[in-house]
Amino acid sequence: MSKSLNVLFAGFGGQGILFAGKVMAYAGLFDGKELSWLPSYGPEMRGGTCNCSVCLSDEAIGSPLVVNPDVLVAMNLPSLDKFVDAVVPGGSIFLDSSIIDKKVERDDISVYYVPATKLAEENGIKGLANIVLLGKMLKELEFATGESIEKSVRKCVPAKKAAMVDFNLKAIEIGRAQ
Amino acid sequence: MAEKVLMKGNEALAEAAIAAGCRHFFGYPITPQTEVAAYMSKRMPKIGGTYLQAESEVAAINMVYGASSAGMRVMTSSSSPGISLKSEGISYLAGADLPALIINVQRGGPGLGGIQPSQSDYWQATRATGHGDFHILVFAPSTVQEMVDLVSEAFDLGDQYRMPAMILSDGMLGQMMEPVVLPEASDKPLPEKPWATNGTRGGRPHNIINSLYITPAELEQLVFERFKKYDEIKEKHQKAECYLTDDAEIVVVAYGASSRIARSAVNTAREQGIKAGLIRPITLWPFPDKAIKAAVPTAKQILCVEMSMGQMVDDVRLAVNGAKPVSFYGRTGGVIPTPAEVLDQIKKLGGVE
């Protein structure tokens, strides 16, 4: 991993955009990185588009707002359309190909098409497409250690939903297997 | 060392206030500040404190006045339009020499404005949080950790000088999560407040908390004394961070959220061979004019960057006093400037391009 990684997670409210960002952020914390997590906030979060900027770095984070991401995680078409041109050359896009029926036309970035929603449903973990995508991102970019990701999942899943820990870990593994 | 956790600025601030001994919170919800109140509503009842959602911002600030009169460590929080509503009460606090912590998680204005981050309440915070001849202490954190660290300092200085203190945050700092080490709950007793109206127990004369002084000479004298206190604070409590300013030819001045963006731009400028540096005021009142003046000799250009149309730039110009050119770059209305935009300004001033 390069010395800093700026990621934009984007999709509909309710897809777990903020949660996926938080799992990534906590993994960075456990790896001893500098980091920031910044959600979009406002009326657009209710059913509309939602996004979240996560920066991991070896140095102090300047602006926590990711304008030109190294990595875009897109979970719906409006988000892909909105941010596809903002990705830096040489960057990458992870998209949920079971929701986004479109190919990215840029050839200066790496695009990973993951049928995340379909995979989650088939594996009995409906609603965890976000974490499946995060698992794929972990495999391709190694932005954190496996140990830190597992610790992060355990930290981020609230105590009241402890049963979800294993489902989230399963989602990571499914993503990593893609 | 205590565990590092990830917390939103708003929540970390609330927890830090509790650790600093605050047990009374009066507020009213408003985006992007609501997490402060939400956090307090969960925590305060568990530790024997008071969380009260008032019927309005005006009511909340007057509850603060009451609790502070009784000698309690008390706070309120709001965002820009709500602070305007509180301004009458803040003036009364200042006029009655009462300490209290006021949080402003700024959003775009004027009017209802927007809900995205802004720094357009600088003038209000440093010039006129209400009517009359007075100042309040104003602190401007730029990270979640600093937000936490400044809370107890704001409470302590407010108590020491018997005046309101404000933490001027914004929607970005309030909403973002960063690693933070929360302070241990302070076990040092809060300062004695012999002036408080908390019962004579039959043993001392009545204390009176009041901001009404009908006799001009008496009021003038009181204001004179307050301004002596302000002079002492200006002398002793200015705070700023100077980053790469020792040899800086282009000195950027920015606080809070915009200082983070400016710092990225300064780093890139240095990589490109431009001698840029950053002065980051941490106290906005007292304004750190000593730090600005110290950077003037090496500076060829001074650039103030804000998320407003240019408010702090007035104080920068006063400190520079015409010795060097001062220019301004800002975005407003909830738009956050990018490091690239600030870098462009630095390059222009440096004659590069």
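Fair warning: this is a prediction, and the values are worked out from it, not measured in the lab.

Draft legend 1. Summary view of the domain arrangement of chain B. Residues and elements named next belong to chain B. If you check the domain split of chain B, you get domain 1 (4-192 + 211-236) and domain 2 (240-349). On the domain 2 side, the residues contacting the 34 residues of domain 1 number 28 residues. Three residues stand out in domain 1 for area buried against domain 2, namely Gln-119, Tyr-122 and Trp-123, and they jointly supply 29% of the buried area on that side. At the junction of domain 1 and domain 2, the tally comes to 4 salt bridges.

Draft legend 2. Just the state of the cysteines, in detail. Under the counting rule described, the total for this entry stands at 0 disulfides over all chains. The thiol sulfur of Cys-242 of chain B is not disulfide-bonded, and the nearest other cysteine sulfur, from Cys-304 of chain B, lies at 14 Å.

Draft legend 3. Quick look at the interface of chain A and chain B. With 19 residues of chain A at the contact, the number on the chain B side is 23 residues. Of the roughly 1700 Å² buried between chain A and chain B on both sides combined, carbon and sulfur atoms contribute 69%. Three residues, Leu-29, Trp-37 and Tyr-41 of chain A, lead the burial of chain A against chain B; their summed loss comes to 36% of the area buried on that side. Our count for the contact surface shared by chain A and chain B stands at 1 salt bridge. Its salt-bridge partner being Lys-155 of chain A, residue Glu-3 of chain B comes within 3.5 Å of it at the nearest N-O pair. For the pair chain A and chain B, the number of links is 6 residue pairs in polar contact (both at pLDDT 80 or more). Of all the secondary structure elements, the ones that give two or more residues to the side of chain A that touches chain B are helix H1 (17-30) and strand S2 (34-39) of chain A. Residues belonging to the side of chain A that touches chain B are distributed by class as follows: 13 nonpolar, 4 polar and 2 charged.

Draft legend 4. Structural detail: the sheet that holds strand S13 (residues 301-306) of chain B. Residue and element names in this part refer to chain B. Reading across from one edge, S9-S11-S10-S13-S14 is the order of the 5 strands in this open sheet, with mixed pairing throughout. Where the open sheet ends on each side, the last strands, each with one partner, are strand S9 (240-243) and strand S14 (326-330). For this sheet, the mean inter-axis angle between neighbouring strands, taken without regard to orientation, is 20°. Bridge count between strand S10 (residues 250-253) and S13: 4 bridges; the pairing is parallel. Looking across to S13, one finds that Val-252 is bridged to Leu-303. Packing against the sheet, helix H9 (residues 256-271) makes contact with S9, S10, strand S11 (276-281) and S13, and its axis sits at approximately 165° to S11.

Draft legend 5. How the structure looks around the sheet that holds strand S7 (residues 164-170) of chain B. Residue and element names in this part refer to chain B. The mixed open sheet is built from 7 strands, whose spatial order is S3-S2-S4-S5-S7-S6-S12. The open sheet has two edge strands with one neighbour each: strand S3 (50-53) and strand S12 (283-285). Taking each pair of neighbouring strands and ignoring which way they run, the sheet shows an average axis angle of 20°.

Draft legend 6. Region of the structure containing the pattern of salt bridges. Applying the stated criterion across every chain yields a total of 28 salt bridges over all chains. Ionic pairing is found between Glu-150 of chain A and Arg-154 of chain A, a salt bridge with its closest N-O pair at 2.9 Å. Here Glu-150 of chain A and its partner Arg-154 of chain A are both found in helix H5 (residues 146-156), 4 residues apart, which amounts to about one turn of the helix. Arg-154 of chain A sits in the partly exposed class, given a relative accessible area of 44%. Here Lys-290 of chain B ties to Glu-235 of chain B by a salt bridge, and the two come within 3.5 Å at their closest N and O atoms. Residue Lys-290 of chain B is located in helix H10 (residues 289-295), and its partner Glu-235 of chain B is located in helix H8 (residues 216-236); the two are separated by 55 residues in the primary sequence. Classification of Glu-235 of chain B as exposed rests on a relative accessible area of 54%. Several salt bridges converge on common partners, so that one network encompasses Arg-73, Asp-156, Asp-159, Lys-188 and Lys-193 of chain B.

Draft legend 7. Layout of helix H4 (residues 80-95) of chain B. All names here are of chain B. In this model, H4 (16 residues) spans 22 Å end to end at C-alpha, consistent with the 22 Å of a helix rising 1.5 Å per residue. Most pronounced at Lys-86, the bend in H4 amounts to some 50°. Buried-residue contacts for H4 involve helix H3 (57-69), strand S4 (74-78), strand S5 (100-106), helix H5 (122-127), S7 and H8. Count one or two residues on from H4 and you reach Asp-97, which has phi positive near 55°.

Draft legend 8. Layout of the confidence of the model for chain B. With 99% of its residues at a pLDDT of at least 70, chain B reaches an overall mean of 97. As scored by the predictor, the complex reaches a pTM of 0.96 and an ipTM of 0.93.

Draft legend 9. Examining the packing of H1 of chain A against helix H4 (residues 129-141) of chain A more closely. Residue and element names in this part refer to chain A. Orientation of H1 relative to H4, taken along the N-to-C sense of each, is 35°, at an axis distance of 9 Å. As H1 packs across H4, the resulting crossing turns out to be right-handed. Along its contact with H1, which presents Phe-19, Ala-20, Val-23 and Met-24, the element H4 presents Asn-130, Ile-131, Leu-134 and Met-137. Here the residues of the contact of H1 with H4 sort into 7 nonpolar, 1 polar and no charged.

Criteria and cut-off values
- Starting afresh in each chain, residues are numbered from 1 along the sequence in its written order.
- Think of it this way: whatever chain is written first is A, whatever ligand is written first is 1, and the rest follow in order.
- Residue-level local features of this predicted model are given only where pLDDT is at least 70; pairs of side-chain atoms are given and counted only at 80 or more, and the full residue set underlies all totals for whole chains, interfaces and linings.
- Heavy atoms throughout the structure, all of them, feed into the side-chain values; hydrogens and water do not.
- Domain extents, as shown, originate in an automatic or database domain assignment.
- The criterion used for residue contact is that any of the two residues' heavy atoms lie within 4.5 Å.
- Here the buried area means the combined drop in accessible surface, using a 1.4 Å probe, for two parts upon being joined, counting both sides.
- A carboxyl oxygen of Asp or Glu within 4 Å of a side-chain nitrogen of Lys or Arg is what we treat as a salt bridge.
- Our working definition of a disulfide is a cysteine sulfur pair at a distance within 2.5 Å.
- A 3.5 Å cut-off defines polar contacts: any pair of N or O atoms within that distance qualifies, except that in protein one atom must be a possible hydrogen donor and the other a possible acceptor, and neighbouring residues in sequence count only when both atoms are side-chain atoms.
- Helix and strand definitions here come from DSSP, where helices need a minimum of 4 consecutive H or I residues and strands a minimum of 2 consecutive E residues; each element is numbered from the N-terminal end.
- Lys, Arg, Asp and Glu make up the charged group, whereas Ala, Val, Leu, Ile, Met, Phe, Trp, Tyr, Cys and Pro make up the nonpolar group; the residues left over, Gly among them, are polar.
- The rule for pairing is simple: two strands pair if DSSP sees at least two bridges between them.
- Axis lines are fitted through C-alpha atoms, for helices just across the contact stretch, and the angle between N-to-C directions can take any value from 0 to 180 degrees.
- Only protein chains enter the area calculation, which uses a 1.4 Å probe; residues under 20% of their type maximum are buried, those over 50% are exposed, and those in between are partly exposed.
- Helices are assigned an expected span. That span is 1.5 Å times one less than the residue count.
- To get the bend at a given residue, fit one axis to the seven residues ending there, fit another to the seven starting there, and take the angle between those axes.
- Confidence per residue, as judged by the predictor, is encoded in pLDDT with a range of 0 to 100.
- Put simply, a crossing is left-handed when the front helix is turned counterclockwise from the back one by less than a right angle, and right-handed when it is turned clockwise.

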